[in-house]
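Chain residues, written in single-letter form:
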Number of protein chains: 2
Amino acid sequence: MDKKRELPADVIEIAKFAKALSHPVRVYILKKLAGMNTCCYSGNIVEELPIGRSTLSQHLKELKYAGLIQGEIEAPYIKYCLNRENWENLKKIFGDFINTEG
Amino acid sequence: MDKKRELPADVIEIAKFAKALSHPVRVYILKKLAGMNTCCYSGNIVEELPIGRSTLSQHLKELKYAGLIQGEIEAPYIKYCLNRENWENLKKIFGDFINTEG
DNA sequence: AATATATTTCGTATTTTTGCGAAATATAAA
DNA sequence: TTTATATTTCGCAAAAATACGAAATATATT
């Protein structure tokens, strides 16, 4: 029987990505960006959702922090795109997790 | 351009499952249960992790609430097992999500 | 330089999550 | 029936997440 220990790194990584996906607004944004093979603007997203601009901004910030999206200035807009590299990483991590087998 | 609307049901469902996975202790438990093709006891889990018994109990409660595990009394223990049906559901939901394409 | 537009940051309030120890519960064993 | 064991629930405190409007920032246009 294993003794008390820290949680394994892969488990922590799964939880970190899951946390980024734990709010429907963030899932919506990621799904949109992964679905369109293009990018989008904060202003367009906020028109589709029942939240304010500053709230959206916070969700975008969290997705940036998780490395899942990136913003590029295209003044006066900011164009948000999926971070393909980390998105692939998330796919791998989650793919492995849901295929956990005995 | 779409007008402000509620978030789609599938997006909400993804976020709900992601929330259940947003804490490493809960990921650890699910991974363990999905990996072993068997069940386990609260007492065995708590010995492996750096958290107290009542804290673990709360995490188990959340996983139960999310429908991902179920407990069966096997006095004086409680045997926790994966809820295979909902686990399959999570696999499908997440599988579809990570395969979101343009 | 002044104005208009898009977005973020700040300050704040509310709610939710996380964690713990003590007490309660339930049941097996003596 | 008493005692011991496993787990949960309760009560609480601290931290994090969520949301908003007002103000700040940055930059294009006039």
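Further up the page is the structure itself.
Note that the coordinates shown come from a computational prediction; the quantities given were computed from them, not determined experimentally. (Residues numbered from 1 in each chain as written. Chains lettered and ligands numbered in written order. Predicted model: local features only at pLDDT ≥ 70, side-chain atom pairs only at ≥ 80, totals over all residues. Heavy atoms only, no water.)

Participant: Is there a simple way to explain the relation of the copies chain B and chain A in this structure?
Facilitator: Copy one and copy two of the chain differ by a rotation about a common axis and a shift along it. Between the two copies, chain B and chain A, the superposition gives an RMSD of 0.0 Å; the rotation angle is 180 degrees and the shift along the axis is 0.0 Å. Expressed as an axis order, the relation between the two copies is that of a two-fold axis. Among all residues of chain B, the minimum C-alpha distance to the rotation axis is found for Ala18(B), at 2.4 Å. Looking at chain B, 98% of its interface residues are interface residues in chain A too, so the copies touch through the same face. (Least-squares fit on C-alpha atoms with pLDDT ≥ 70 in both. Contact = heavy atoms within 4.5 Å.)

Participant: How do you make sense of the sheet that holds strand E2 (residues 69–74) of chain B when you look at a structure like this?
Facilitator: Within a sheet, neighbouring strands are paired by backbone hydrogen bonds and run either parallel or antiparallel to one another. Residue and element names in this part refer to chain B. Strands sit in the order E1-E3-E2 across an open sheet of three strands; the sheet is antiparallel. Strand pairing shows two members of the sheet lacking a second neighbour, strand E1 (40–41) and E2, which therefore form its edges. As paired strands, E2 and strand E3 (residues 77–82) are joined by six bridges and run antiparallel to one another. Following the sheet pairing, Glu74 is matched in E3 by Tyr77. Relative to the sheet, helix H2 (residues 24–35) contacts E1, E2 and E3, its axis offset from that of E3 by approximately 80 degrees. (Pairing = 2+ DSSP bridges. Helix = DSSP H or I, 4+ residues; strand = E, 2+ residues; numbered from the N terminus. Axes fitted to C-alpha atoms, helices over the stretch in contact; angles between N-to-C directions.)

Participant: Is there a simple way to explain the interface of chain B and chain A in this structure?
Facilitator: One frequently used descriptor of interface size is the decrease in accessible area upon assembly of the parts. Taken together, the 45 residues of chain B in the interface contact 44 residues of chain A. Counting the surface chain B buries against chain A, the share from its top three residues, Lys31(B), Phe97(B) and Ile98(B), is 16%. At the boundary of chain B with chain A, the tally comes to two salt bridges. With a shortest N-O distance of 3.4 Å, Asp10(A) and Lys31(B) are connected by a salt bridge. At the boundary of chain B with chain A, the tally comes to 11 residue pairs in polar contact (both at pLDDT 80 or more). Counting residues per element, the ones that place at least two in the side of chain B that touches chain A are helix H1 (9–20), H2, helix H3 (42–48) and helix H5 (84–98) of chain B. The element that contributes the greatest number of residues to the side of chain B that touches chain A is H2(B), accounting for eight residues. When its residues are assigned to classes, the side of chain B that touches chain A shows 25 nonpolar, eight polar and 12 charged. (Buried area = accessible area lost by both parts, 1.4 Å probe. Salt bridge = Lys/Arg side-chain N within 4 Å of Asp/Glu carboxyl O. Polar contact = N/O pair within 3.5 Å; in protein donor to acceptor, adjacent residues only side chain to side chain. Nonpolar A, V, L, I, M, F, W, Y, C, P; charged D, E, K, R; others polar.)

Participant: Looking at this structure, how should I read the protein's contact with DNA strand C?
Facilitator: For DNA strand C, the set of nearby residues contains 21 residues, the closest of which are Gly43(A), Ser57(A), Tyr80(A), Lys19(B) and His59(B). A distance of 3.2 Å is found between a sugar or linking oxygen of DNA strand C and a backbone nitrogen or oxygen belonging to Pro76(A). Residue assignment for the surface near DNA strand C shows that the elements contributing at least two residues are helix H3 (42–48), helix H4 (53–65) and strand E3 (77–82) of chain A together with helix H4 (53–65) of chain B. When residues in the surface near DNA strand C are grouped by element, the largest group, five residues, is from H4(B). Residues that form the surface near DNA strand C fall into these classes: seven nonpolar, 10 polar and four charged. (Near = heavy atom within 4 Å.)

Participant: Honestly, the protein's contact with DNA strand D in this entry has me stumped. Any pointers?
Facilitator: Neighbouring residues of DNA strand D: 21 residues in total, closest Lys19(A), Thr55(A), Gly43(B), Ser57(B) and Tyr80(B). Each atom of DNA strand D within 4 Å of the protein was classed as base or backbone; sugar and phosphate made up 71%. One of the side-chain N or O atoms of Thr55(A) is found 2.9 Å from a phosphate oxygen in DNA strand D. Mapped onto the surface near DNA strand D, the elements with two or more residues apiece are H4 of chain A together with H3, H4 and E3 of chain B. For the surface near DNA strand D, the element with the highest residue contribution is H4(A), accounting for five residues. Looking at the surface near DNA strand D, its residues break down into seven nonpolar, 10 polar and four charged.

Participant: What is the right way to look at the pattern of salt bridges in this model?
Facilitator: Close approach of charged atoms allows side chains of opposite charge to pair. All names here are of chain A. Counted by the stated rule, this structure contains 12 salt bridges over all chains. Here Glu62 ties to Arg26 by a salt bridge, and the two come within 3.4 Å at their closest N and O atoms. Here Glu62, found in helix H4, pairs with Arg26, found in helix H2 (residues 24–35); they are 36 residues apart in sequence, far enough to count as distant. Residue Arg26 is classed as buried on the basis of its relative accessible area, which comes to 6%. (Buried < 20%, exposed > 50% of the residue type's maximum accessible area, 1.4 Å probe, protein only.)

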